[in-house]
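Descriptive analysis of the structure
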Amino acid sequence: MVFENKFIQQRIEKAELLKKEGINPYSNDSKRNTTIEKFLYVNTDIAHTESKRDENRHYTLSGRIKLFRIMGKASFIQIEDESGVLQVYVARDNLPENFYNETFKKNIETGDIVEVSGYPFVTGQGELSLHADELRLLTKAIAPLPEKFHGITDKETRYRKRYLDLIMNADVRKTFQIRSKVISLTRRFFEDKGFLEVETPMMHPIAGGANAKPFVTHHNALGIDRYLRIAPELYLKRLIVGGFEAVFEINRNFRNEGMDATHNPEFTSIEFYWAYKTYKDLIEITKEYFTYLFDHLNLPTKLPYGEMEVDFSRFSEVPLIESLTTIGGVPQEIVNDKEKIVAFLKSKNIQVKNGLNLGQLQGELFDEFVEEKLINPTFITEYPVEISPLARRSDANPAITERFELFIAGREIANAFSELNDPVDQLQRFEAQGAAKENGDDEAHEMDLDFIEALSYGMAPTAGQGIGIDRLVMLLTNEHSIRDVLLFPAMKPLHVEEKNEETI
């Protein structure tokens, strides 16, 4: 049952006692006039004064009590708001009669949110603090916080109760502040480049824009199934057909696939499409984008990532087939021979699906022997046409496409290509994808005749790219699970018994 825990019951009783004393434990009339960060900044000079205090300066701050040290007639509490932590000195003789002994010491405790007013001073230990002449309870916390010095050590609990994780771990809040800045800076970068931000449907009649398994939902009014978006690509390219020349969208995509350190069923990306440009232009704007992010986030160009160091000033380009031998160590004589690739993979005890074509097998070699070795930012270019159903063929070599994927720290961060704008070629690619689906490839692309029709009206030569925001934030914050950069990651449901144990 809810609130059966004895410690919670004790706190509920305290809240009731406060009500009887005329104190609202859930008031909504805060008079806060500054933040802790600003208080600490504007009062740094106090330490250099003779008295080390200034009673003429008066501030009202609010925050959650994170530490409580009672010392007879006086106490120190530590309060925290979004901007920082502040020590507050609370003395009996500075507060209304009986408040200190009857209310403060008995009914206010760690976890409660309070408002304190007073003047700045520096303690004997040299810590800038607030000398309180007023203290009010704003919100009574009836659930006790985890023990301070160990916090929340169980990651499952951290992800399921992110609010508690944020209360206890300032570093976690910092990660999500950086994430927010990355999204904001991304929007500003592309707007400054002349791109128009647009919104496209989240529910699609056809699962398109990528090779992935979709989530299926049902539209009751229309009586038809819809697919949660796996990518916005085909809609954004329709806008290029319509005459917009530079568009982008930052939003969620949904893929009904496995979960691991780099995959969550819903994820955030930016996709942008740029008329009269090629994938080579996208390589250059991507470099500019990273420089912009690092400058505005005040990050050094060399960042640690686990045991690696990533140098974001060292971008390189390598064609995929070349990377198999120069980086992956695959023998040159096998990379263009289906039977030899299959035999090589099996010799390495790697399972190989039946019916894979040459391009798909080359992709398997890349995944197994190259990807994890790409530490500094690397553009892998010239992908086989068989694994690039939406990318334009190379004029010089029709077996490959004008495409790149950007890899950093052994992980894919971005995918881009010169867009296929030949409607007949696109139709044939979709037909090939349909045949692959019939042969058991449940991630193959669906036929989209409306998109084919849109292309038939003519799409300007265009280049398009998608960048995974979640994985990018992982890199910038040295986090190694996508769950650590998602406020509310997807989780398996708890068993009934576990739910009961976790119930407040």
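Please refer to the structure higher up on the page.
Residues numbered from 1 in each chain as written. Predicted model: local features only at pLDDT ≥ 70, side-chain atom pairs only at ≥ 80, totals over all residues. Heavy atoms only, no water.

Overview of the pairing of strand β8 (residues 216-219)
Put simply, the rule reads: In this analysis, strands are considered paired if DSSP registers two or more bridges between them. Numbering of helices and strands starts at the N terminus; helices are DSSP runs of H or I of at least 4 residues and strands are runs of E of at least 2.
Two strands pair when backbone bridges link them, and β8 and strand β9 (residues 224-228) are joined in this way by four bridges, in the antiparallel orientation. Residue pairing for β9: His-218 is matched across the bridge by Asp-225. Turn length for the β8-β9 hairpin, with the two strands adjacent in sequence and antiparallel, is four residues, and the turn residue Gly-223 shows positive phi of about 70 degrees.

Some thoughts on the sheet that holds strand β3 (residues 84-91)
Counted only if it meets this: A fitted line through C-alpha atoms serves as each axis, taken over the contacting stretch for helices, and the angle formed by two N-to-C directions is quoted from 0 to 180°.
Strand order in this closed barrel of five strands is β1-β2-β3-β5-β4, and the pairing throughout is mixed. Here the average twist between neighbouring strands, direction ignored, is 50 degrees. Relative to strand β2 (residues 74-81), strand β1 (residues 59-71) runs antiparallel, the two sharing seven bridges. Opposite Arg-69, over in β2, you have Phe-76 as the bridge partner.

Some details on the environment of Tyr-119
Going by this rule: Residue contacts are counted whenever heavy atoms from the two residues lie within 4.5 Å of one another. Any pair of N or O atoms that falls within 3.5 Å is considered a polar contact. Within protein, one atom must be able to donate a hydrogen and the other to accept it, and sequence-neighbouring residues count only if both atoms are side-chain atoms.
By secondary structure assignment, the location of Tyr-119 is in strand β4 (residues 113-122). Apart from residues lying up to four places away in sequence, Tyr-119 is in contact with Arg-53, Asp-54, Glu-55, Arg-57, Ser-129, Leu-130 and His-131. Polar side-chain contacts of Tyr-119 include one of 2.8 Å to the side chain of Arg-53.

Considerations on the sheet that holds β8
Overall, antiparallel pairing links the three strands, which are arranged β7-β9-β8 in an open sheet. Each end of this open sheet is capped by a strand with a single partner; those strands are β7 (203-204) and β8. One ladder, built from two bridges, connects β7 with β9; its direction is antiparallel. The residue of β9 that forms the bridge with Met-203 is Leu-228.

A word on the nonpolar core
Let me state the cut-off plainly: Grouping buried Ala, Val, Leu, Ile, Met, Phe, Trp, Tyr and Cys residues that are joined through side-chain atoms within 4.5 Å yields what is termed a nonpolar core. Throughout, exposure labels follow a simple rule: accessible area from a 1.4 Å probe, protein chains only, divided by the maximum for the residue type, with under 20% read as buried, over 50% as exposed, and the rest as partly exposed.
Counting 46 residues, the largest nonpolar core has Phe-190, Phe-272, Tyr-289 and Ile-408 as the members making the most contacts within it. Ranked by residues supplied to this core, first place goes to helix α8 (residues 279-297) with 10 residues. Ignoring anything within four residues of it in the chain, the contact list for Phe-272 reads Phe-190, Phe-195, Val-247, Phe-248, Leu-282, Ile-285, Ala-463, Gly-464, Gln-465 and Ile-467.

Quick word on helix α7 (residues 233-241)
The α-helix advances 3.6 residues per turn, and as a result positions three or four apart in sequence lie on the same side. Every buried residue of α7 is listed here: Glu-233, Leu-234, Leu-236, Lys-237, Arg-238 and Ile-240. Buried positions along α7 lie against β10 (246-254), β11 (266-275), β17 (411-418), α13 (449-456) and β18 (462-468). Just past α7, the residue Gly-243 takes up positive phi, approximately 120 degrees.

Overview of the side chain of Asn-107
With respect to the helices and strands, the residue Asn-107 is situated in helix α3 (residues 99-107). What makes Asn-107 buried here is its relative accessible area of 5%. Discounting residues that sit within four places of it in the chain, Asn-107 has contacts with Lys-14, Leu-17, Leu-18, Glu-21, Glu-102, Asp-112 and Lys-140.

Observations concerning helix α11 (residues 358-369)
Definition in use: To estimate the expected span of a helix, count its residues, drop one, and scale the result by 1.5 Å.
Taking 1.5 Å per residue as the helical rise, α11 with its 12 residues ought to reach 16 Å, and the 16 Å between its terminal C-alpha atoms agrees with that figure. Those residues of α11 lying buried are Gly-359, Gln-360, Leu-361, Gln-362, Gly-363, Leu-365, Phe-366 and Phe-369. Elements that come into contact with the buried residues of α11 comprise α9 (320-326), α10 (338-347), β15 (378-381) and β16 (403-408).

Quick word on unusual backbone geometry
Notably, Lys-52 is not glycine yet its phi reads approximately 60 degrees, a positive angle. With respect to the helices and strands, Lys-52 occurs in the loop between α2 (36-42) and β1. Under the relative-accessibility criterion, Lys-52 is labelled partly exposed at 34%. The phi dihedral of Asn-478 falls on the positive side, at around 60 degrees, and the residue is not glycine. Looking at where Asn-478 falls in the secondary structure, it is placed in the loop between α14 (469-477) and α15 (496-502). Judged by relative accessible area, Asn-478 falls into the partly exposed class, the value being 30%.

Quick look at the packing of α7 against α13
This is how the line gets drawn: For classification purposes, angles smaller than 35 degrees are called roughly parallel, those larger than 145 roughly antiparallel, those between 65 and 115 roughly perpendicular, and all remaining angles oblique. Helix crossings get a hand from a simple test, with the near helix turned counterclockwise from the far one by less than a right angle marking a left-handed crossing and a clockwise turn marking a right-handed one. Throughout, the ten residues Ala, Val, Leu, Ile, Met, Phe, Trp, Tyr, Cys and Pro are labelled nonpolar, Asp, Glu, Lys and Arg are labelled charged, and all others, Gly among them, are labelled polar.
For the pair α7 and α13, interaxial distance at closest approach is 9 Å and the crossing angle is 25 degrees. Considering their axes alone, α7 and α13 lie roughly parallel with respect to each other. Crossing geometry of α7 relative to α13 is assigned as left-handed. Residues Leu-234, Lys-237, Arg-238 and Val-241 of α7 lie in contact with α13, whose contacting residues are Asp-450, Phe-451 and Ala-454. Of the residues assigned to the contact of α7 with α13, the class counts are four nonpolar, no polar and three charged.

Considerations on the pairing of β17
Every regular strand shows the same layout, with side chains that alternate between the two sheet faces. In the sheet, β16 pairs with β17 via six bridges, with the strands oriented antiparallel. What sits directly across from Phe-407, in β17, is Glu-412. Of the strand pairs in this sheet, β17 and β18 are connected by five bridges, and their pairing is antiparallel. By the bridge assignment, Phe-417 is partnered in β18 with Gly-464.

Considerations on the packing of aromatic side chains
Threshold: Aromatic pairing here means that ring centres of Phe, Tyr or Trp (its six-membered ring) are within 6.5 Å. Orientation follows from the plane angle: under 30 degrees is stacked, over 60 is edge-to-face, and everything else is tilted. Note on geometry: a ring has a charge over it if NZ (lysine) or CZ (arginine) is within 6 Å of the ring centre and within 35 degrees of the ring normal.
For the structure shown, the criterion picks out 22 aromatic pairs. Summarising the aromatic geometry, the rings of Phe-190 and Tyr-289 are spaced 5.9 Å apart at their centres and angled 40 degrees between planes, so their arrangement reads as tilted. Of the two residues, Phe-190 is situated in helix α6 (residues 170-192) and Tyr-289 in helix α8; the sequence distance between them amounts to 99 residues. By the burial criterion, Phe-190 is buried, and Tyr-289 matches it. For the pair Tyr-289 and Phe-290, a centre-to-centre distance of 5.7 Å together with 80 degrees between the ring planes defines the contact as edge-to-face. By the burial criterion, Tyr-289 is buried, and Phe-290 matches it. One cation-aromatic arrangement involves Lys-277 over Trp-274; the distance from NZ or CZ to the ring centre is 4.9 Å. Just above the ring of Tyr-383 sits the side chain of Arg-403; from NZ or CZ to the centre is 4.1 Å.

Just geometry here; none of it tells us what the structure is for.
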